[in-house]
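A look at the structure
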4 protein chains.
Amino acid sequence: MPRIPAAERRSDFVKAAVEVIATHGIDGATTRRIAEQAQAPLATLHYCYNSKEDLFADVFKFVAGKFRDVIEDSDPHADLTVTARRLLRGAMECYLESANFAATALELISWARRQHEERGIGVYNQAVDALRSALRGAASDHPLEAETIDQIAYVIATLADGFALNWLTYGDRSAATEHMEVTVSVLDSWLAVRLESAPAALS
Amino acid sequence: MPRIPAAERRSDFVKAAVEVIATHGIDGATTRRIAEQAQAPLATLHYCYNSKEDLFADVFKFVAGKFRDVIEDSDPHADLTVTARRLLRGAMECYLESANFAATALELISWARRQHEERGIGVYNQAVDALRSALRGAASDHPLEAETIDQIAYVIATLADGFALNWLTYGDRSAATEHMEVTVSVLDSWLAVRLESAPAALS
Amino acid sequence: MPRIPAAERRSDFVKAAVEVIATHGIDGATTRRIAEQAQAPLATLHYCYNSKEDLFADVFKFVAGKFRDVIEDSDPHADLTVTARRLLRGAMECYLESANFAATALELISWARRQHEERGIGVYNQAVDALRSALRGAASDHPLEAETIDQIAYVIATLADGFALNWLTYGDRSAATEHMEVTVSVLDSWLAVRLESAPAALS
Amino acid sequence: MPRIPAAERRSDFVKAAVEVIATHGIDGATTRRIAEQAQAPLATLHYCYNSKEDLFADVFKFVAGKFRDVIEDSDPHADLTVTARRLLRGAMECYLESANFAATALELISWARRQHEERGIGVYNQAVDALRSALRGAASDHPLEAETIDQIAYVIATLADGFALNWLTYGDRSAATEHMEVTVSVLDSWLAVRLESAPAALS
DNA sequence: AATGAATGAGGCTTCATTCAT
DNA sequence: TATGAATGAAGCCTCATTCAT
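A short tour of the structure in this document, coming up. (Residues numbered from 1 in each chain as written. Chains lettered and ligands numbered in written order. Predicted model: local features only at pLDDT ≥ 70, side-chain atom pairs only at ≥ 80, totals over all residues. Heavy atoms only, no water.)

The subject of this paragraph is the interface of chain B and chain A. Interface size is commonly expressed as the accessible surface area that is lost when the partners come together. Chain B puts 39 residues into the contact, and the matching count from chain A is 40 residues. Of all residues in chain B, R113, Y154 and Y170 of chain B give up the largest surface area on contact with chain A, accounting jointly for 19% of the area buried on that side. Put simply, chain B and chain A have 2 salt bridges between them. In this structure, R114 of chain B and E107 of chain A form a salt bridge, with 2.9 Å as the shortest nitrogen-oxygen distance. If you list the elements that add at least two residues to the side of chain B that touches chain A, you get α1 (6-28), α6 (99-115), α7 (123-138), α8 (146-170) and α9 (173-202) of chain B. In terms of residues, the side of chain B that touches chain A owes the most to one element, α8 of chain B, which gives 13 residues. Its residues assigned to classes, the side of chain B that touches chain A shows 17 nonpolar, 16 polar and 6 charged. (Contact = heavy atoms within 4.5 Å. Buried area = accessible area lost by both parts, 1.4 Å probe. Salt bridge = Lys/Arg side-chain N within 4 Å of Asp/Glu carboxyl O. Helix = DSSP H or I, 4+ residues; strand = E, 2+ residues; numbered from the N terminus. Nonpolar A, V, L, I, M, F, W, Y, C, P; charged D, E, K, R; others polar.)

Listed below in structure tokens is the structure:
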């Protein structure tokens, strides 16, 4: 009965959609289920969004925005190794904090791949771009080759996503917490070797 | 009326399902589309399988079997480091060889997570189990702690899946080929550090 | 807040409805589309009219009124043949001037037939009545049988509507202009024969 | 329960659609109502036709075919005047025989106009084309200018459609029967004048 | 055994209308 | 007075599945 502004209502539907996508998958996220989750009549969803696709576009923005927030929160003055480690840990903590968010992010990546002909469009690409930007900022003192930045971004993304898949599959929080440490140590080991040789090549 | 043996018919449907799942996702893999891809009448699918879920169970077996084949192909007499590297590379080559297989595997992992209450059931779990067995075989000379084996299996799975996600997202084969090398070097770096200290702890 | 008088508002909606009905048909003339065409919020339409049917009743009046204007414009002192010709030409020119008006008139005729059980109610009937009145006025000197008047009115209506259907179907203005002349000549030929014998029967 | 071949089922739906279109108009002809009229579940309609549009295309064919039958039934050896009169009478009798057919034909004409950008496509055009062919056949002895044929076809179509509109509006069969005679006499009067001068121009 | 025919359930979307402000 | 917000009903269509042959 309370007449809520449309903007706020839309946000409710986005949150509901994240829950439903995580639980039922992208294609199982029917308008009925989303409306029900948002405790709103089905028609109200279509009053706020012209189409399901419009709603999903907003979900998309929401997820991409959360990634960007996590990535940009990292201290820009830190060392490259420290920054990389923080980015990876931040992503994993974000996944660990909300399994639904993690699941929805993976669903969206899968969905974007199927939906659009133009590859690389979507959450994944935006997140990797943000990773690259953050890394470039941290490496501004001793500029690395673009290729090195790309590789580090790739490894962080790979480790974070691989971690997410495992955590979502087993749903075992304590195991995941341990895996987080292992994953960080993997990055550390590789970076130690990788950055030891790379700057040398530049000097 | 070619009178195709039932077994072959079922195999056709499984292969068709893999294609369709990769292209349209698990929920987009409708019985109609699968039957069409298999060039069979819709009713024939239900003649071979009681339900869609039964068919998917076979798809499941097929994918899990392919993983097991890749893993068990690796030389059981090799060194642990070499074995780990081979397992990772084998998985990635398998993904690279058929993007459809990779996509279907990821879809199935996602699907299994949503479908069943009991976590850890499914393709992912079977693959990790197989990884563990292979690693144990390679480490039979100097037995490691179970935890170490678990960690190595986790890291291999994580790296392989993270690699797959990237490759599927961009669909860039040459980039993926380079990523494969990077990914292997990540494993190598970490194993070098990890195995250097672990045995020490045992001695 | 332009504070537009309610009467003007209603007139805007009627005009918008005529456009929309012509373009999308009676059933395609949704309240949304009409409000949009009138550049007014949807709720305003229902503020001015209790229901869509009420609005359509006004559209009805508008169209019937325009017909009456055309018919009553014709010189009441003219000869019967001349009057009949003028009425037919007037109707056709009216159709030709605005295809939207023609289309809406035909839609309303169709709609009225479907809507009401009582046949003959509607735009068509009102127009034919007006035709009869005009013809009676022109024939006041040598009163004809009512049947003759009825027949002339029927023929004029038939020719005008048949013309409209053709013009709307092809949308070819130059062809329609030629058809107008042919149509008038059809009426002339028939009237010449018809009125030659009819008065004779009365004398 | 009887398993009827799809082709026959389709014919049932076409007939049902004609009824429903006549009663409720093109846009009121919902799939639900058509299925109900055909005494079939809604889903069965979509088993026989991929879409509502496909069904309507068949309705289209059915109506156009009936027109063609009526027109081509006319004796090809007859005189032009006789042929024209027969064509007109045939069309009107066809309308009179089934008001539903008449209504559906007019609805389809209206619908085709709204639906397709390319003007002149549809039932109307096909019927007029068939009229022209029939007239050309009858006039083969003393070939007339194409323009004359066109005009005669136009006048027949105009009179028949105008007649139909009146008959549908009032639903008065006895009045319509009288109108039929009047309408034929209108054609006769005009043809007498028209063909008297036209051949002269050719001789 | 094999497959066209058939269908209830549910998918997304739009409708005319009402409510609260 | 005006109008964004809200909604039950109904629109077309596709789904997995079953039935009859």
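All names here are of chain D. Here helix α1 (residues 6-28) spans only 25 Å end to end across 23 residues, well under the 33 Å set by a 1.5 Å rise per residue. In the structure, α1 departs most strongly from a straight axis at A22, where the bend amounts to approximately 90°. What α1 keeps buried is the set F13, V14, A16, A17, V18, V20, I21, A22, G25, I26 and G28. (Expected span 1.5 Å × (residues − 1). Bend = angle between axes of the 7 residues up to and from the residue. Buried < 20%, exposed > 50% of the residue type's maximum accessible area, 1.4 Å probe, protein only.)

Let us now look at unusual backbone geometry. Residues and elements named next belong to chain B. The backbone of Q39 shows a phi angle near 50°, a positive value even though the residue is not glycine. If you trace the backbone, Q39 turns up in the loop between α2 (31-37) and α3 (42-48). Q39 gets classed as exposed once you look at its relative accessible area, which sits at 76%.

Contacts between the two partners involve 40 residues from chain D and, on the opposite side, 39 residues from chain C. Interface of chain D and chain C: buried area, both sides summed, is about 3,500 Å²; carbon and sulfur atoms make up 60% of it. Interface area lost by chain D to chain C is led by R113, Y154 and Y170 of chain D, which between them contribute 19%. At the junction of chain D and chain C, the tally comes to 2 salt bridges. Counting across the interface, chain D meets chain C through 16 residue pairs in polar contact (both at pLDDT 80 or more). Mapped onto the side of chain D that touches chain C, the elements with two or more residues apiece are α1, α6 (99-115), α7 (123-138), α8 (146-170) and α9 (173-202) of chain D. With 13 residues, α8 of chain D is the single largest residue contributor to the side of chain D that touches chain C. (Polar contact = N/O pair within 3.5 Å; in protein donor to acceptor, adjacent residues only side chain to side chain.)

Our next topic: the relation of the copies chain D and chain C. The two copies are related by a screw motion: chain D maps onto chain C through a turn of 180° and a shift of 0.0 Å along the axis, at an RMSD of 0.2 Å. What we have between these two chains is a two-fold relation. For chain D, the residue whose C-alpha comes nearest the rotation axis is G162 of chain D, separated from it by 2.3 Å. Of all interface residues in chain D, 98% are interface residues in chain C too; the two copies therefore contact each other through one and the same surface. (Least-squares fit on C-alpha atoms with pLDDT ≥ 70 in both.)

Turning our eyes to something else, we now look at the packing of aromatic side chains. Here the structure, examined in full by the defined rule, presents 16 aromatic pairs over all chains. Residues Y124 of chain A and Y170 of chain B carry aromatic rings whose centres are separated by 5.8 Å and whose planes lie at 75° to one another, so their mutual orientation is edge-to-face. Placement of Y124 of chain A in helix α7 (residues 123-138) and of Y170 of chain B in helix α8 is noted, with the two residues assigned to different chains. With a relative accessible area of 24%, Y170 of chain B lands in the partly exposed category. Taking 5.5 Å as the distance between ring centres and 50° as the angle between the ring planes, the aromatic pair formed by F67 of chain C and F101 of chain C counts as tilted. (Phe/Tyr/Trp six-rings, centres within 6.5 Å; stacked < 30°, edge-to-face > 60°.)

Turning our eyes to something else, we now look at the arrangement of the chains. Between chain A and chain D there is no contact, and the shortest C-alpha to C-alpha separation is 21 Å. Spatially, chain B and chain D are disjoint, and the shortest separation between their C-alpha atoms is 13 Å.

Here the focus is the environment of V186 of chain A. Looking at the element boundaries, V186 of chain A is found in helix α9 (residues 173-202). C-alpha of V186 of chain A to C-alpha of V155 of chain A: the two residues are 31 residues apart in sequence and 9.8 Å apart in space.

So, on to a negative patch on the surface. A cluster of like negative charges, contributed by E145 and E147 of chain A together with D172 and E178 of chain B, occupies part of the molecular surface. Assignment of secondary structure puts E147 of chain A in helix α8 (residues 146-170). (Patch = residues over 30% accessible without salt bridge, like charges linked within 9 Å, V, L, I, M, F, W, Y side chains within 5 Å. Areas by Shrake-Rupley, 256 points an atom, 1.4 Å probe, with all protein chains shown as cover. Lys, Arg positive; Asp, Glu negative; His and termini not counted. Charge placed at Lys NZ, Arg CZ, Asp CG, Glu CD.)

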